[in-house]
Amino acid sequence: MSEFWLISAPGDKTNLQAWERMNTVTSKSNLSSNSKFHIPDLKVGTLDALVGLSDELGKLDTFAESVIKKIAQYIGEVMEDSKDKVQENLLANGVDLISYLTRFEWDMAKYPIKQPLKNISEALAKQVTQIETDLKTRSAAYNNIKGNLQSLEKKTMGNLLTRTLADIVHKEDFVLNSEYLITLLVVVPKSSYVQWQKTYESLSEMVVPRSTKMIAEDAEGGLFTVTLFRKVMDDFKAKARENRFMVREFYYDEKELKCEKEELMKLASDKKQQYVRPPCEFPSNAAAAKQEVCEAPERCPERGLQTSG
């Protein structure tokens, strides 16, 4: 990982001597790669104003850094399925952070240099605060979506007694829209498959012969259908329970099952779409303004960005 130093030094009118001297010194031992960090001539004001503003910019620097760290953490959470691509999505003004720092340009449109430094500082603070507010909103929305998605995904796990059957059953597995007949779903332990086949027709009266079939199976047992007359349903359930055959309370509703599948797909899609662009330019401009305040009494014109890797 690269480390960046923001260096300021007294210079000549053309701002070349200090820059050339630093390049000469650092290149001998291959200490760093140097880039000019251009800061415009800001409207300085009085010394008292600068001293007071210096404290405010220190707080703004810390605040902006904390917001950026929260954004980076948020992006890492949103891209949990693509951890290897997190770094390439940490961008500032659409470019990677190293390029942004080494080719930094003051945003004259957002922060006109004819304004007093205090106005620029307040504009920066307002934008970083707004970014933090937006981040909180997005983060809350993401956590809500993630929580709902996890709840639905949990329903697809577990054994056949507890998990959702939306992705297992099909319309053709059931006798539908019948005034007299109904199809039940029964979970049968693996060790009882033979017993089920031999006894299900006699567990109660009015069970449709040869109406059972296994439509799903897990490590513990199988899910069987059985069709019978509605009026003997309660009796059949009681007798099935006595023989360790568990009837699932499930009634086929095509619209409801479709809604459940669509909700799962929508939440998964919404989760992937949760993304916020890192506002990395704000702390950089804040640092630049702070640099101008700290150096104003000396008016040191030479500034450079030194990278050691």
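Up top is the structure these notes are about.
What comes next concerns the included structure. Because the structure is a prediction, the values reported are computed rather than measured. (Residues numbered from 1 in each chain as written. Predicted model: local features only at pLDDT ≥ 70, side-chain atom pairs only at ≥ 80, totals over all residues. Heavy atoms only, no water.)

Side note on the overall build of the protein chain
Across its full length, the protein chain carries nine helices and nine strands. The buried share of the protein chain, taken over its 309 residues, is 39%. Intrachain contacts of the protein chain at a sequence separation of at least 6 include 77% that bridge at least 24 residues. Here the protein chain has roughly 18500 Å² of accessible surface; of this, 52% comes from carbon and sulfur atoms. (Helix = DSSP H or I, 4+ residues; strand = E, 2+ residues; numbered from the N terminus. Buried < 20%, exposed > 50% of the residue type's maximum accessible area, 1.4 Å probe, protein only. Contact = heavy atoms within 4.5 Å. Areas by Shrake-Rupley, 256 points an atom, 1.4 Å probe, with all protein chains shown as cover.)

A word on the environment of Leu 161
Relative to the helices and strands, Leu 161 resides in the loop between helix H5 (117-155) and strand E5 (181-189). Its relative accessible area of 41% is what places Leu 161 among the partly exposed residues. If sequence neighbours within four positions are ignored, Leu 161 has contacts with Val 187, Met 246 and Arg 248.

Considerations on the sheet that holds E5
Here we have four strands laid out as an open sheet, ordered E6-E7-E5-E8, and antiparallel in their pairing. Every other strand in the sheet has two partners, leaving strand E6 (213-217) and strand E8 (246-248) as the edge strands with one partner each. Ignoring which end each strand starts from, the neighbouring axes of this sheet average 35 degrees apart. When E5 meets E8, the two strands line up antiparallel, connected through three bridges. Across the sheet, residue Leu 185 finds its bridge partner in E8, namely Arg 248. (Pairing = 2+ DSSP bridges. Axes fitted to C-alpha atoms, helices over the stretch in contact; angles between N-to-C directions.)

Let's talk about the packing of helix H2 (residues 47-78) against H5
Taken N-terminus to C-terminus, the directions of H2 and H5 make an angle of 25 degrees; their axes are 10 Å apart at the nearest point. With respect to each other, H2 and H5 are oriented roughly parallel. Classified by chirality, the crossing of H5 by H2 is left-handed. Grouping the constituent residues of the contact of H2 with H5 by class yields 17 nonpolar, three polar and five charged. (Parallel < 35°, antiparallel > 145°, perpendicular 65-115°, else oblique. Left-handed = near helix turned anticlockwise from the far one by under 90°. Nonpolar A, V, L, I, M, F, W, Y, C, P; charged D, E, K, R; others polar.)

What about the pairing of E6?
Bridge count for E6 against strand E7 (residues 221-229) is four bridges, and the pairing is antiparallel. Paired with Met 214 across the strands is Phe 224, a residue of E7. The antiparallel hairpin formed by E6 and E7 contains three residues in its connecting segment.

Digging into the side chain of Ser 192
Considering the arrangement of structural elements, one finds Ser 192 in the loop between E5 and helix H6 (193-199). When near neighbours in sequence (up to four residues on either side) are disregarded, Ser 192 contacts Arg 244 and Phe 245.

Some thoughts on the nonpolar core
With 18 residues, the main nonpolar core has Leu 184, Val 186, Trp 196, Val 226, Leu 228 and Phe 236 as its most contacted residues. At the level of elements, E5, H6, E7 and helix H7 (233-242) are the ones that each hand at least two residues to this core. In terms of residue count, E5 provides more of this core than any other element does, four residues in total. Ignoring anything within four residues of it in the chain, the contact list for Val 186 reads Trp 196, Gly 222, Leu 223, Phe 224, Val 226, Phe 236, Phe 245, Met 246 and Val 247. In terms of nonpolar packing, the next biggest core, distinct from the first, is built from 15 residues, Phe 37, Leu 53, Trp 106 and Leu 117 among them. (Core = buried A, V, L, I, M, F, W, Y, C linked by side-chain atoms within 4.5 Å.)

Section: the packing of aromatic side chains
Tallied over the full model, the rule gives eleven aromatic pairs. With a centroid separation of 6.2 Å and 70 degrees between ring planes, the pair formed by Trp 106 and Tyr 111 is classed as edge-to-face. Considered together, Trp 106 and Tyr 111 belong to a single accessibility category, that of buried residues. Three or more aromatic residues link up through ring pairs in this structure, and these residues are Tyr 193, Trp 196, Tyr 200, Phe 224, Phe 236 and Phe 245. (Phe/Tyr/Trp six-rings, centres within 6.5 Å; stacked < 30°, edge-to-face > 60°.)

Quick look at helix H1 (residues 17-28)
Taking 1.5 Å of rise per residue, the twelve residues of H1 would be expected to cover 16 Å, and the 17 Å separating its terminal C-alpha atoms lies within 8% of that figure. For H1, the complete set of buried residues consists of Ala 18, Trp 19, Met 22 and Thr 26. Buried residues of H1 fall within an arc of 100 degrees about the axis and therefore sit on the same side. Facing away from the buried side of H1, by more than 90 degrees, are the exposed residues Ser 27 and Lys 28. Two residues or fewer after H1 comes Asn 30, characterised by a positive phi angle close to 50 degrees. (Expected span 1.5 Å × (residues − 1). Arc of directions from axis to C-beta.)

Quick word on the pattern of salt bridges
In total, this model carries seven salt bridges according to the counting rule given. Notably, a salt bridge pairs Lys 213 with Asp 173, separated by 3.1 Å at the nearest N-O pair. Taken together, the residues Lys 213 in strand E6 and Asp 173 in the loop between H5 and E5 connect sequence positions 40 residues apart. On the accessibility criterion, Lys 213 (37% relative accessible area) is partly exposed. (Salt bridge = Lys/Arg side-chain N within 4 Å of Asp/Glu carboxyl O.)

Just distances and angles here, no functional claims.
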